[in-house]
Amino acid sequence: MPRTTGYRLAPTALVTLILAAAVAGLIWLRTGGETPDPSLRPPAETSAAAPAQPEAQAQWTHPRSRERREDRRHMVDTIRGYGLQDEAVLQAMQGVPRHEFVPEDQRLRAYADSPLPIGYGQTISQPYMVAEMTRLLELDPESKVLEVGTGSAYQAAVLTEFTPHVYTVEIIEPLATAARKRLKRLGYDTVRIRHGDGYYGWPQHAPFDGIIVTCAAGQIPPPLIEQLAPEGRMIIPVGGRFAVQSLMLVTKDREGTVRSRNLMSVRFVPLRRTDVSED
Ligand code: SAH
(Lines give C-alpha, C1' and ligand atoms only; values in the text may rest on other atoms or scores of the structure.)
Protein backbone atom coordinates (compact mmCIF):
# COMPACT_ATOMS: atom_id res chain seq x y z
CA MET A 1 0.00 0.00 0.00
CA PRO A 2 1.47 3.31 -0.93
CA ARG A 3 0.21 4.94 2.26
CA THR A 4 1.94 2.38 4.54
CA THR A 5 5.16 2.67 2.57
CA GLY A 6 5.04 6.42 2.95
CA TYR A 7 4.59 6.10 6.71
CA ARG A 8 7.50 3.64 7.10
CA LEU A 9 9.78 5.88 5.10
CA ALA A 10 9.01 8.92 7.17
CA PRO A 11 11.84 8.62 9.76
CA THR A 12 14.38 8.04 6.97
CA ALA A 13 13.05 11.03 5.13
CA LEU A 14 13.36 13.11 8.29
CA VAL A 15 17.01 12.10 8.77
CA THR A 16 17.71 12.91 5.11
CA LEU A 17 16.06 16.29 5.56
CA ILE A 18 18.13 17.10 8.66
CA LEU A 19 21.33 16.04 6.87
CA ALA A 20 20.40 18.14 3.84
CA ALA A 21 19.73 21.14 6.07
CA ALA A 22 23.09 20.67 7.80
CA VAL A 23 24.91 20.47 4.45
CA ALA A 24 23.02 23.54 3.19
CA GLY A 25 23.99 25.37 6.37
CA LEU A 26 27.65 24.50 5.86
CA ILE A 27 27.52 25.65 2.24
CA TRP A 28 25.90 28.89 3.31
CA LEU A 29 28.60 29.50 5.92
CA ARG A 30 31.38 28.75 3.45
CA THR A 31 29.97 30.89 0.65
CA GLY A 32 29.43 33.77 3.07
CA GLY A 33 33.18 34.51 3.09
CA GLU A 34 34.95 37.02 0.92
CA THR A 35 36.20 34.50 -1.61
CA PRO A 36 33.47 31.89 -1.89
CA ASP A 37 34.51 28.59 -3.34
CA PRO A 38 32.54 28.41 -6.61
CA SER A 39 32.61 24.62 -6.46
CA LEU A 40 30.24 24.76 -3.49
CA ARG A 41 27.45 26.19 -5.55
CA PRO A 42 25.59 24.25 -8.20
CA PRO A 43 26.56 25.24 -11.73
CA ALA A 44 24.30 27.89 -13.17
CA GLU A 45 23.06 25.91 -16.10
CA THR A 46 22.07 23.01 -13.85
CA SER A 47 20.02 25.24 -11.61
CA ALA A 48 18.49 27.00 -14.56
CA ALA A 49 17.51 23.66 -16.04
CA ALA A 50 15.54 22.74 -12.92
CA PRO A 51 13.19 25.64 -12.37
CA ALA A 52 10.73 23.63 -10.29
CA GLN A 53 12.12 24.80 -6.93
CA PRO A 54 12.62 28.56 -6.75
CA GLU A 55 14.38 28.35 -3.34
CA ALA A 56 16.92 25.82 -4.52
CA GLN A 57 17.37 27.73 -7.75
CA ALA A 58 18.03 30.94 -5.88
CA GLN A 59 21.24 29.45 -4.42
CA TRP A 60 23.17 29.53 -7.70
CA THR A 61 23.78 33.23 -7.67
CA HIS A 62 23.94 34.12 -4.08
CA PRO A 63 27.54 34.45 -3.08
CA ARG A 64 27.26 36.16 0.28
CA SER A 65 29.62 38.58 1.88
CA ARG A 66 29.31 39.07 5.60
CA GLU A 67 31.68 42.00 5.50
CA ARG A 68 30.02 45.39 6.10
CA ARG A 69 26.55 43.94 6.45
CA GLU A 70 25.60 46.76 8.81
CA ASP A 71 26.66 49.37 6.26
CA ARG A 72 24.49 47.67 3.67
CA ARG A 73 21.57 47.58 6.08
CA HIS A 74 21.93 51.30 6.51
CA MET A 75 22.02 51.78 2.72
CA VAL A 76 18.88 49.66 2.35
CA ASP A 77 17.13 51.73 5.04
CA THR A 78 17.95 54.86 3.08
CA ILE A 79 16.49 53.34 -0.10
CA ARG A 80 13.39 52.27 1.81
CA GLY A 81 13.16 55.81 3.14
CA TYR A 82 12.80 57.06 -0.44
CA GLY A 83 9.62 55.01 -0.67
CA LEU A 84 10.92 51.89 -2.38
CA GLN A 85 9.12 49.10 -0.55
CA ASP A 86 9.76 46.09 -2.80
CA GLU A 87 11.20 43.57 -0.35
CA ALA A 88 12.81 41.38 -3.04
CA VAL A 89 14.69 44.37 -4.42
CA LEU A 90 15.71 45.54 -0.95
CA GLN A 91 16.98 42.05 -0.14
CA ALA A 92 18.96 41.99 -3.37
CA MET A 93 20.57 45.31 -2.40
CA GLN A 94 21.35 43.85 1.01
CA GLY A 95 22.94 40.85 -0.66
CA VAL A 96 25.52 42.43 -2.97
CA PRO A 97 28.76 43.78 -1.44
CA ARG A 98 28.95 47.18 -3.16
CA HIS A 99 32.37 47.86 -1.60
CA GLU A 100 33.81 45.10 -3.79
CA PHE A 101 32.73 46.98 -6.92
CA VAL A 102 34.35 50.36 -6.26
CA PRO A 103 38.03 51.32 -6.45
CA GLU A 104 40.13 50.88 -3.30
CA ASP A 105 40.11 54.62 -2.53
CA GLN A 106 36.28 54.78 -2.68
CA ARG A 107 35.58 51.83 -0.39
CA LEU A 108 34.85 53.89 2.69
CA ARG A 109 32.07 55.65 0.79
CA ALA A 110 30.75 52.50 -0.87
CA TYR A 111 27.46 52.48 1.05
CA ALA A 112 26.62 56.15 0.79
CA ASP A 113 23.62 56.74 -1.46
CA SER A 114 25.59 58.42 -4.20
CA PRO A 115 27.29 57.59 -7.47
CA LEU A 116 31.05 56.98 -7.25
CA PRO A 117 33.86 57.18 -9.81
CA ILE A 118 35.07 53.83 -11.20
CA GLY A 119 37.75 55.15 -13.58
CA TYR A 120 37.75 56.12 -17.28
CA GLY A 121 35.36 58.97 -16.46
CA GLN A 122 32.58 56.51 -15.58
CA THR A 123 30.55 56.08 -12.41
CA ILE A 124 28.79 53.34 -10.50
CA SER A 125 25.18 54.52 -10.12
CA GLN A 126 23.60 55.72 -6.90
CA PRO A 127 22.22 52.70 -4.98
CA TYR A 128 18.66 54.06 -4.99
CA MET A 129 18.76 54.32 -8.79
CA VAL A 130 20.09 50.76 -9.10
CA ALA A 131 17.28 49.54 -6.86
CA GLU A 132 14.54 51.50 -8.64
CA MET A 133 15.66 50.46 -12.13
CA THR A 134 15.86 46.84 -10.99
CA ARG A 135 12.35 47.06 -9.53
CA LEU A 136 10.97 48.50 -12.76
CA LEU A 137 12.23 45.51 -14.74
CA GLU A 138 9.86 43.17 -12.83
CA LEU A 139 12.19 40.18 -13.22
CA ASP A 140 11.56 36.57 -12.34
CA PRO A 141 13.96 33.59 -12.45
CA GLU A 142 13.01 32.85 -16.06
CA SER A 143 13.73 36.37 -17.31
CA LYS A 144 16.54 36.98 -19.75
CA VAL A 145 17.97 40.43 -19.19
CA LEU A 146 20.42 42.62 -21.08
CA GLU A 147 22.36 45.45 -19.48
CA VAL A 148 24.05 48.12 -21.59
CA GLY A 149 26.94 49.64 -19.61
CA THR A 150 28.54 47.01 -17.38
CA GLY A 151 30.84 49.50 -15.64
CA SER A 152 31.82 47.90 -12.33
CA ALA A 153 29.25 45.09 -12.83
CA TYR A 154 27.48 46.05 -9.60
CA GLN A 155 24.11 46.40 -11.34
CA ALA A 156 24.70 43.08 -13.09
CA ALA A 157 25.39 41.42 -9.73
CA VAL A 158 22.15 42.85 -8.34
CA LEU A 159 20.29 41.43 -11.36
CA THR A 160 21.66 37.96 -10.63
CA GLU A 161 19.70 38.00 -7.39
CA PHE A 162 16.61 37.63 -9.60
CA THR A 163 17.70 35.59 -12.59
CA PRO A 164 20.71 33.60 -13.80
CA HIS A 165 20.16 34.88 -17.36
CA VAL A 166 22.09 38.16 -17.25
CA TYR A 167 23.93 39.53 -20.30
CA THR A 168 25.89 42.75 -20.10
CA VAL A 169 27.83 44.82 -22.66
CA GLU A 170 30.59 47.34 -21.93
CA ILE A 171 32.26 49.58 -24.49
CA ILE A 172 35.45 50.37 -22.52
CA GLU A 173 37.62 47.29 -22.75
CA PRO A 174 39.59 47.62 -19.47
CA LEU A 175 36.29 48.04 -17.60
CA ALA A 176 34.86 44.93 -19.26
CA THR A 177 38.01 42.96 -18.39
CA ALA A 178 38.06 44.18 -14.79
CA ALA A 179 34.33 43.45 -14.41
CA ARG A 180 34.81 39.92 -15.70
CA LYS A 181 37.62 39.27 -13.21
CA ARG A 182 35.69 40.82 -10.35
CA LEU A 183 32.57 38.73 -10.93
CA LYS A 184 34.66 35.59 -11.16
CA ARG A 185 36.51 36.39 -7.93
CA LEU A 186 33.27 37.07 -6.09
CA GLY A 187 31.54 33.97 -7.42
CA TYR A 188 28.98 35.53 -9.76
CA ASP A 189 29.55 33.02 -12.51
CA THR A 190 26.24 33.24 -14.34
CA VAL A 191 26.76 36.72 -15.83
CA ARG A 192 27.91 36.91 -19.44
CA ILE A 193 29.96 40.01 -20.31
CA ARG A 194 30.82 41.26 -23.78
CA HIS A 195 33.12 44.08 -24.77
CA GLY A 196 31.38 46.06 -27.50
CA ASP A 197 28.92 48.80 -28.37
CA GLY A 198 25.71 48.12 -26.47
CA TYR A 199 23.78 50.40 -28.83
CA TYR A 200 23.44 47.28 -30.96
CA GLY A 201 22.37 45.08 -28.05
CA TRP A 202 23.42 41.45 -28.16
CA PRO A 203 21.43 39.99 -31.09
CA GLN A 204 22.73 36.42 -30.59
CA HIS A 205 20.91 36.18 -27.26
CA ALA A 206 17.82 38.25 -28.09
CA PRO A 207 14.99 38.58 -27.39
CA PHE A 208 15.30 39.90 -23.85
CA ASP A 209 12.49 40.13 -21.30
CA GLY A 210 14.28 43.03 -19.68
CA ILE A 211 16.74 45.61 -20.99
CA ILE A 212 18.44 48.04 -18.65
CA VAL A 213 20.60 50.83 -20.02
CA THR A 214 22.87 52.49 -17.47
CA CYS A 215 24.13 55.33 -19.69
CA ALA A 216 22.07 58.05 -21.32
CA ALA A 217 21.21 57.75 -25.00
CA GLY A 218 20.16 60.64 -27.24
CA GLN A 219 17.29 58.46 -28.41
CA ILE A 220 16.14 54.93 -27.68
CA PRO A 221 18.41 52.73 -29.83
CA PRO A 222 16.21 50.96 -32.41
CA PRO A 223 18.21 47.69 -32.11
CA LEU A 224 17.28 47.54 -28.43
CA ILE A 225 13.59 48.00 -29.19
CA GLU A 226 13.89 45.22 -31.71
CA GLN A 227 15.58 42.92 -29.20
CA LEU A 228 12.92 43.48 -26.54
CA ALA A 229 10.67 40.41 -26.19
CA PRO A 230 6.88 40.66 -26.38
CA GLU A 231 5.73 41.70 -22.88
CA GLY A 232 9.28 42.86 -22.23
CA ARG A 233 10.34 45.99 -20.34
CA MET A 234 13.22 48.34 -21.03
CA ILE A 235 14.51 50.98 -18.61
CA ILE A 236 16.62 53.65 -20.25
CA PRO A 237 17.75 57.19 -19.51
CA VAL A 238 17.19 59.36 -22.59
CA GLY A 239 18.65 62.78 -23.16
CA GLY A 240 21.75 64.60 -24.33
CA ARG A 241 24.97 65.00 -22.41
CA PHE A 242 24.12 68.46 -21.10
CA ALA A 243 20.32 68.24 -21.29
CA VAL A 244 17.92 67.04 -18.64
CA GLN A 245 17.61 63.31 -19.08
CA SER A 246 14.44 61.32 -18.57
CA LEU A 247 14.29 57.81 -17.24
CA MET A 248 11.96 56.06 -19.68
CA LEU A 249 10.06 52.83 -19.31
CA VAL A 250 9.58 51.21 -22.71
CA THR A 251 7.20 48.28 -22.95
CA LYS A 252 6.31 45.95 -25.77
CA ASP A 253 2.99 44.16 -25.58
CA ARG A 254 2.08 40.69 -26.79
CA GLU A 255 1.23 42.05 -30.24
CA GLY A 256 4.52 43.91 -30.50
CA THR A 257 3.16 47.40 -29.88
CA VAL A 258 5.76 49.59 -28.20
CA ARG A 259 4.88 52.24 -25.63
CA SER A 260 7.15 54.54 -23.69
CA ARG A 261 6.62 56.51 -20.54
CA ASN A 262 8.71 59.19 -18.88
CA LEU A 263 9.23 58.29 -15.21
CA MET A 264 11.58 60.90 -13.74
CA SER A 265 14.48 63.23 -14.40
CA VAL A 266 17.87 61.60 -13.97
CA ARG A 267 21.56 62.15 -14.64
CA PHE A 268 23.69 59.44 -16.23
CA VAL A 269 26.99 59.34 -18.08
CA PRO A 270 26.42 59.41 -21.86
CA LEU A 271 26.07 56.34 -24.04
CA ARG A 272 29.16 56.42 -26.24
CA ARG A 273 29.26 55.36 -29.85
CA THR A 274 32.04 53.52 -31.55
CA ASP A 275 31.40 55.31 -34.83
CA VAL A 276 31.16 58.80 -33.37
CA SER A 277 34.30 60.66 -32.31
CA GLU A 278 34.57 61.48 -28.62
CA ASP A 279 35.62 64.85 -27.32
N1 SAH B 1 25.96 49.70 -14.50
C2 SAH B 1 27.25 50.22 -14.06
C3 SAH B 1 27.32 51.72 -14.17
C4 SAH B 1 27.93 52.04 -15.40
S5 SAH B 1 28.19 53.72 -15.86
C6 SAH B 1 27.62 49.75 -12.70
O7 SAH B 1 26.80 49.10 -12.03
O8 SAH B 1 28.75 50.01 -12.28
C9 SAH B 1 27.83 53.51 -17.58
C10 SAH B 1 28.72 52.57 -18.33
O11 SAH B 1 28.23 52.53 -19.66
C12 SAH B 1 30.18 52.96 -18.42
O13 SAH B 1 30.97 51.93 -17.95
C14 SAH B 1 30.39 53.23 -19.90
O15 SAH B 1 31.66 52.88 -20.35
C16 SAH B 1 29.33 52.33 -20.51
N17 SAH B 1 28.93 52.66 -21.88
C18 SAH B 1 28.80 53.86 -22.44
N19 SAH B 1 28.40 53.75 -23.72
C20 SAH B 1 28.27 52.42 -23.96
C21 SAH B 1 27.90 51.67 -25.10
N22 SAH B 1 27.58 52.25 -26.26
N23 SAH B 1 27.86 50.32 -25.00
C24 SAH B 1 28.21 49.71 -23.84
N25 SAH B 1 28.58 50.38 -22.73
C26 SAH B 1 28.60 51.72 -22.79
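Numbering of residues begins from 1 in every chain and follows the order in which that chain's sequence is written. With pLDDT at 70 or above as the cut-off, local features in this predicted model cover only qualifying residues; side-chain atom pairs require 80 or more to be listed or tallied, and sums for whole chains, interfaces and linings still use all residues. To obtain the side-chain values, all non-hydrogen atoms of the structure were used and water was disregarded.

Here's the deal with the sheet that holds strand β5 (residues 192-195)
Any two strands are treated as partners once DSSP identifies two or more bridges connecting them. Working definition: helices are DSSP H or I runs of at least four residues, strands are E runs of at least two. Numbering for both runs from the N terminus. Strand order in the open sheet formed by seven strands is β5-β4-β3-β6-β7-β8-β9, with mixed pairing between adjacent strands. Both outer strands of the open sheet, β5 and β9 (258-266), are each paired with one neighbouring strand and no more. Shown here is a sheet whose adjacent strand axes are inclined to one another by a mean of 15°, direction ignored. Note: strand β3 (residues 144-148) against strand β4 (residues 165-170), five bridges, orientation parallel. All axes are obtained by fitting lines to C-alpha atoms, using only the stretch in contact for helices, and the reported angles, taken between N-to-C directions, cover 0 to 180 degrees.

Structural notes on the confidence of the model for the protein chain
Averaged over every residue, the pLDDT of the protein chain is 84; residues scoring 70 or more account for 76%. Confidence over residues 1-9 falls short of pLDDT 50; this stretch has zero contacts with residues more than four positions distant or in other chains. Scored between 0 and 100, pLDDT is the confidence that the predictor attaches to each residue. Contacts were defined at the residue level, with two residues in contact if any of their heavy atoms lie within 4.5 Å.

Looking at unusual backbone geometry
Note that the residue after A206, namely P207, is joined by a cis bond; omega there is 5°. Looking at the element boundaries, P207 is found in the loop between β5 and β6 (208-213). Even without being glycine, E138 reaches a positive phi, approximately 50°. The backbone of E231 sits at a positive phi, close to 65°, despite the residue not being glycine. Mapped onto the fold, E231 is located in strand β7 (residues 228-238).

Observations concerning the pairing of β4
Most of β4 is tucked away, with five of its six residues classed as buried. Chirality of the crossover, the property in question, places the unit of β3, helix α7 (residues 154-159) and β4 among those that are right-handed. Here four bridges tie β4 to β5, and the two strands are oriented parallel to one another. Following the sheet pairing, Y167 is matched in β5 by R192. The buried label applies to any residue whose accessible area, calculated with a 1.4 Å probe on protein chains only, is under 20% of its type's maximum; exposed applies above 50%, and partly exposed to all values in between. Every crossover in which the path from the first strand over the helix to the second runs clockwise, viewed with the strands pointing away from the viewer, is termed right-handed.

A word on the pairing of β7
For β7, a buried count of nine out of eleven residues is recorded, marking the element as mostly surrounded by other parts of the structure. Here β6 runs beside β7; their pairing, made up of four bridges, is parallel. From the neighbouring strand, I212 faces β7, where its bridge partner is I235. In terms of strand pairing, β7 meets strand β8 (residues 245-252) through six bridges, oriented antiparallel. Opposite M234, over in β8, you have V250 as the bridge partner. Here β7 folds back onto β8, and the loop between the two strands holds six residues, one of which, G239, carries a positive phi near 150°.

Brief notes about the pattern of salt bridges
Note on definitions: salt bridges are taken to be side-chain nitrogens of Lys or Arg within 4 Å of carboxyl oxygens of Asp or Glu. As enumerated under the stated definition, the model contains eleven salt bridges in all. For E87, the salt bridge goes to R80, with nearest N and O atoms at 3.6 Å. Exposure remark for E87: the relative accessible area of 43% places this residue in the partly exposed category. Between R233 and E138 there is a salt bridge, with the nearest N and O atoms lying 3.4 Å from each other. Residue R233 is found in strand β7, and its partner E138 is found in the loop between α6 (127-137) and β3; the two are separated by 95 residues along the sequence. The exposure class of E138 is exposed, given its relative accessible area of 55%. Residues joined by salt bridges that share partners form a network here, namely D77, R80 and E87.

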